[in-house]
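Spelled out, the chains give:
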Amino acid sequence: MLGRISELMEGLQEVSDNIAHDLRTPLTRLRNHAEAALAFGGDAATYRQALEKTIEESDQLIRIFNALLLIARADAGGDLGPLQPLDIGEAARSVAELYEPIAEEAGVALTVHAEDGLNVRGNRELIGQAIANLMDNALKYGASPKGAGEAEAKPDVVITARRVGGSVVLTVADRGPGIEAADRVRVLDRFVRLEGSRSRPGSGLGLSLAAAVARMHGGTVELEDNQPGLRVRLTLPAAADDRPQSRAPAELVLNDRNAR
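Everything numeric in this text was worked out from a predicted model, so none of it was measured.

Calculation criteria
- Residues numbered from 1 in each chain as written.
- Predicted model: local features only at pLDDT ≥ 70, side-chain atom pairs only at ≥ 80, totals over all residues.
- Heavy atoms only, no water.
- Helix = DSSP H or I, 4+ residues; strand = E, 2+ residues; numbered from the N terminus.
- Polar contact = N/O pair within 3.5 Å; in protein donor to acceptor, adjacent residues only side chain to side chain.
- Expected span 1.5 Å × (residues − 1).
- Bend = angle between axes of the 7 residues up to and from the residue.
- Buried < 20%, exposed > 50% of the residue type's maximum accessible area, 1.4 Å probe, protein only.
- Core = buried A, V, L, I, M, F, W, Y, C linked by side-chain atoms within 4.5 Å.
- Contact = heavy atoms within 4.5 Å.
- Axes fitted to C-alpha atoms, helices over the stretch in contact; angles between N-to-C directions.
- Left-handed = near helix turned anticlockwise from the far one by under 90°.
- Nonpolar A, V, L, I, M, F, W, Y, C, P; charged D, E, K, R; others polar.
- Patch = residues over 30% accessible without salt bridge, like charges linked within 9 Å, V, L, I, M, F, W, Y side chains within 5 Å.
- Areas by Shrake-Rupley, 256 points an atom, 1.4 Å probe, with all protein chains shown as cover.
- Salt bridge = Lys/Arg side-chain N within 4 Å of Asp/Glu carboxyl O.
- Parallel < 35°, antiparallel > 145°, perpendicular 65-115°, else oblique.

A look at the side chain of Asn123
Here Asn123 lies in the loop between β3 (119-122) and α4 (124-141). One polar contact links the side chain of Asn123 to the main-chain amide nitrogen of Glu125, over a distance of 3.1 Å. Of the polar contacts made by the side chain of Asn123, one reaches the backbone nitrogen of Leu126; its length is 3.0 Å.

This is the structure in structure tokens:
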């Protein structure tokens, strides 16, 4: 028990340090935008642009705090609210439709292979957000092949969903640089960003949030080598004879796209 308390206290200190470090930059940018608008003045268009940037930075901060609250809620065994039937295959196809324009712009082929009747019970918004986070990460970091000249390393993202025993398993696989085996558990923690991802926008909460949602539903998130690339496996308990609604609400999955 004392060991567990010590571990939790160390984790709290680490999270606090990470929050202070990672929120310093967006808060500084927010202040600088406002200060620049006041210092240089200008016409209405200049002020409007400054306000738009300020709102954008504020929204990013809100997304970060919302993700942190959800993760803390999962760690504390928080209530999921009303559980609803959900077909994971339909949810994956719905999220993929929203990400198709982003995939096309990045030159990535986005494909979904899902069995029918993959029913689970849970919070539709949270599960939809977890799937969106996994797709978003794959498109951000898996768009470029692992090495030049590797013919098999094509820029594609493949989502599969199938029934395995008493579980529903959704995998998101890309052909990017992947993650070293030593880092695959660590990246599920809050604010962890590997060296190759620091030049891209995000806060290191995407995988952590997806893992938190899985824990809340009695499931897991695991990272594997896709040879080349990364394969992320989301496993949730299958529901018994539930009839899901036809589609997952599309608007719910992009609320926290930048909290990655």
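Topic: helix α3 (residues 88-106)
Here α3 spans 25 Å end to end across 19 residues, near enough to the 27 Å set by a 1.5 Å rise per residue. Tyr99 marks the point of greatest bend in α3, at about 45°, and the proline Pro101 comes within the next four residues. Within the sequence span of α3, burial applies to Ile88, Gly89, Ala91, Ala92, Ser94, Val95, Ala96, Tyr99 and Ala103. Structurally, the start of α3 carries an N-cap: the backbone nitrogen of Gly89 is 2.9 Å from a side-chain oxygen of Asp87. Positioned one or two residues after α3, Gly107 has a phi angle of 75°, which is positive.

Quick look at the nonpolar core
Within the largest apolar cluster, 43 residues are counted, with the highest numbers of intra-cluster contacts made by Ile88, Leu170 and Leu223. Looking at this core, the elements that each hand over two or more residues are α3, α4, β4 (156-164), β5 (167-174), α5 (206-216), β6 (220-225) and β7 (230-237). For this core, the element with the most residues is α4, which contributes nine residues. The contact partners of Leu223, leaving out residues within four places of it in the chain, are Ile179, Arg184, Val187, Leu188, Leu207, Leu230, Arg231 and Val232.

Some words on the packing of α4 against α5
A pair of packed helices can be characterised by two numbers: the angle between their axes and the separation between those axes. Where α4 contacts α5, the two axes come as close as 9 Å, and the packing angle between them is 145°. Remark: the crossing between α4 and α5 carries left-handed chirality. Mapping the contact onto sequence places Leu126, Ile127, Gln129, Ala130, Asn133, Leu134 and Asn137 in α4 and Gly206, Leu207, Leu209, Ala210, Val213 and Met216 in α5. Split into classes, the residues belonging to the contact of α4 with α5 amount to nine nonpolar, four polar and no charged.

Description of a nonpolar patch on the surface
Together, Met1, Leu2, Ile5 and Met9 make up a nonpolar patch on the protein surface, roughly 520 Å² of accessible area in all. Looking at the secondary structure, you find Met9 in helix α1 (residues 2-40). Among the residues examined, Met9 registers a relative accessible area of 53% and is labelled exposed.

A look at the pattern of salt bridges
Side chains that carry opposite charge are capable of pairing whenever their charged atoms lie near each other. A full pass over the atoms with the stated rule returns seven salt bridges. Notably, a salt bridge pairs Glu35 with Arg31, separated by 3.2 Å at the nearest N-O pair. With Glu35 and Arg31 both in helix α1 and four residues apart, this pair spans about one turn of that helix. Between Glu90 and Arg93 there is a salt bridge, and its shortest N-O distance comes to 3.0 Å. Of this pair, Glu90 and Arg93 are both found in helix α3, three residues apart, which corresponds to roughly one turn of the helix. Here the salt bridges do not stand alone but share partners, grouping Glu222, Glu224, Arg231 and Arg233 into one network.

So, the packing of α3 against α4
Where α3 meets α4, the axes come as close as 10 Å, and the angle between the chain directions of the two elements is 40°. Judged by the angle between their axes, α3 and α4 are oblique. When you trace α3 past α4, the crossing you get is right-handed. Within the contact between the two elements, α3 uses Ile88, Ala91, Ala92, Val95, Ala96, Tyr99, Ile102 and Ala103 and α4 uses Ile127, Gly128, Ile131, Ala132, Met135, Asp136 and Leu139. Among the residues making up the contact of α3 with α4, the classes are represented as 13 nonpolar, one polar and one charged.

Take it as geometry only, folks, not as evidence of what the structure does.
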